[in-house]
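Breakdown of the fold
What follows is each chain in one-letter form.
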Amino acid sequence: MSGAGRRLAQVSGVLVVVVAAAIVVLIVVSGATGGSSASQSASVARTVPATAPVRHLPSAAERVLAAQNAGIDRVLRRTPFVVSGGGERRELALTFDDGPGPYTPKVLDVLTRLHVPATFFTVGFMIPLFHQALQRELQMGVAIGDHTEQHPMMTHLSAAGQQSQIVVQTQQLHRLGGAFPRLYRPPYGLYNAATLRILRRAGMLMVLWSTDTEDYTQPGVKAIVRAALAGAKPGAIILLHDAGGTRTQTIAALPQIVRTLRARGYMLVTVPQLMTDDPPRHVPSRLPRLAGG
Ligand code: NI
């Protein structure tokens, strides 16, 4: 072997030793890491089931909705229906029935401009016809209740017929991404024991009203404003309509109603918010008989 050959053999020998040492180190390190991650996996597996849903922190809107649903649940434990809030706070609710319809976008324009939270009791078969207005309501975060599928006189229907009227509306709402409605308003204010049984099973609160503006009769803008203001009191639930006929008078009356109520120190809230902030104190001993809605 030449000098150069010996030198190469020495270098090769050193290289073999270095590589072998490196391999040993790698094996030891990877073994240690592998053992540690395995024990971590085991401890995670003990505390979190593999099928646990991905959790996320609730948004502000979700927290408000959860609080409002809890408020409605508390009211439902005491009474199946309400005509107003408790009257302890200077809050009241504007409610709009029979939509969505051709005038709904104009109503929403006014409410948006004046920053008014409101409640809409929607009719199922109108939802696909005016789905853009309904989608806007969902985006705005207004409260949406059930006003049946076809707006019938519920007391003329069998229990099964009433059940269908209430359920099919919820399906129409669901198709557009709306949450299950926790509120129900009876068309013409008509209901009976079967209606209340169906609502109890569905977890829905029947929302009547303390003031009927009779805007559906189109009595003139001044008359609608006067009726709304005359019925204003803490906890009031005021009945208006965004569909079911020409609603130009209702739309024209709205800004004056809102501004005057605010000037009198009222805060306008949705019905779920009213039920949460200021639930009814006294449950009426007998069921009210109303016409309207
Ligand atoms: Ni109605």
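Further up the page is the structure itself.
Residues numbered from 1 in each chain as written. Predicted model: local features only at pLDDT ≥ 70, side-chain atom pairs only at ≥ 80, totals over all residues. Heavy atoms only, no water.

**A closer look at unusual backbone geometry**
The phi angle of most residues is negative, glycine excepted, and most peptide bonds adopt the trans form. The omega torsion of the bond from glycine 99 to proline 100 falls at 0°, within 30 degrees of zero and hence cis. Within the secondary structure, proline 100 is located in the loop between β2 (91-97) and α3 (104-114). Even without glycine at this site, tyrosine 188 takes up a positive phi of about 60°. On the secondary structure map, tyrosine 188 appears in the loop between β5 (183-184) and α7 (193-202). Given the relative accessible area of 34%, tyrosine 188 is considered partly exposed. Phi at glutamate 214 takes a positive value of approximately 55°, unusual for a residue other than glycine. Checked against the element boundaries, glutamate 214 lands in the loop between β7 (211-212) and α8 (221-230). Residue classification places glutamate 214 among the partly exposed positions, given a relative accessible area of 40%. (Helix = DSSP H or I, 4+ residues; strand = E, 2+ residues; numbered from the N terminus. Buried < 20%, exposed > 50% of the residue type's maximum accessible area, 1.4 Å probe, protein only.)

**Some thoughts on the side chain of aspartate 242**
Structurally, aspartate 242 is set in the loop between β8 (237-241) and α9 (248-263). Put simply, aspartate 242 is tucked away with no salt bridge, and the nearest opposite charge, on arginine 247, sits 7.0 Å away. Within polar-contact distance, the side chain of aspartate 242 engages the side chain of threonine 104 at 2.8 Å. (Lys, Arg positive; Asp, Glu negative; His and termini not counted. Salt bridge = Lys/Arg side-chain N within 4 Å of Asp/Glu carboxyl O. Polar contact = N/O pair within 3.5 Å; in protein donor to acceptor, adjacent residues only side chain to side chain.)

**Observations regarding the packing of α3 against helix α5 (residues 131-140)**
Across the interface, α3 lies against α5 with an axial gap of 9 Å and an inter-helix angle of 20°. The orientation of α3 relative to α5 falls into the category roughly parallel. For α3 against α5, the interelement crossing comes out left-handed. Of the residues in α5, those in contact with Thr104, Pro105, Leu108, Asp109, Leu111 and Thr112 of α3 are Ala133, Arg136, Glu137 and Met140. Classifying every residue of the contact of α3 with α5 by side-chain character gives five nonpolar, two polar and three charged. (Axes fitted to C-alpha atoms, helices over the stretch in contact; angles between N-to-C directions. Parallel < 35°, antiparallel > 145°, perpendicular 65-115°, else oblique. Left-handed = near helix turned anticlockwise from the far one by under 90°. Contact = heavy atoms within 4.5 Å. Nonpolar A, V, L, I, M, F, W, Y, C, P; charged D, E, K, R; others polar.)

**Here we look at the packing of aromatic side chains**
Applying the stated criterion across every chain yields a total of one aromatic pair. When the ring of phenylalanine 96 is compared with that of phenylalanine 120, the centres are 5.1 Å apart and the planes differ by 20°; the resulting orientation is stacked. Of this pair, phenylalanine 96 sits in strand β2 while phenylalanine 120 sits in strand β3 (residues 119-122), placing them 24 residues apart in sequence. The aromatic ring of tyrosine 266 is capped on one face by arginine 90, whose charged end is 4.2 Å from the ring centroid. (Phe/Tyr/Trp six-rings, centres within 6.5 Å; stacked < 30°, edge-to-face > 60°. Lys NZ or Arg CZ within 6 Å of the ring centre and 35° of its normal.)

**Here's the deal with the pattern of salt bridges**
Counted according to the given criterion, the structure contains five salt bridges. Close ionic contact of arginine 182 with aspartate 73 constitutes a salt bridge, the shortest N to O distance being 2.7 Å. Residue arginine 182 is found in the loop between α6 (159-175) and β5, and its partner aspartate 73 is found in helix α2 (residues 60-76); the two are separated by 109 residues along the sequence. For aspartate 278, the salt bridge goes to arginine 281, with nearest N and O atoms at 3.5 Å. Since its relative accessible area comes to 0%, aspartate 278 is described here as buried.

Everything listed here is a matter of geometry and, on its own, says nothing about what the molecule does.
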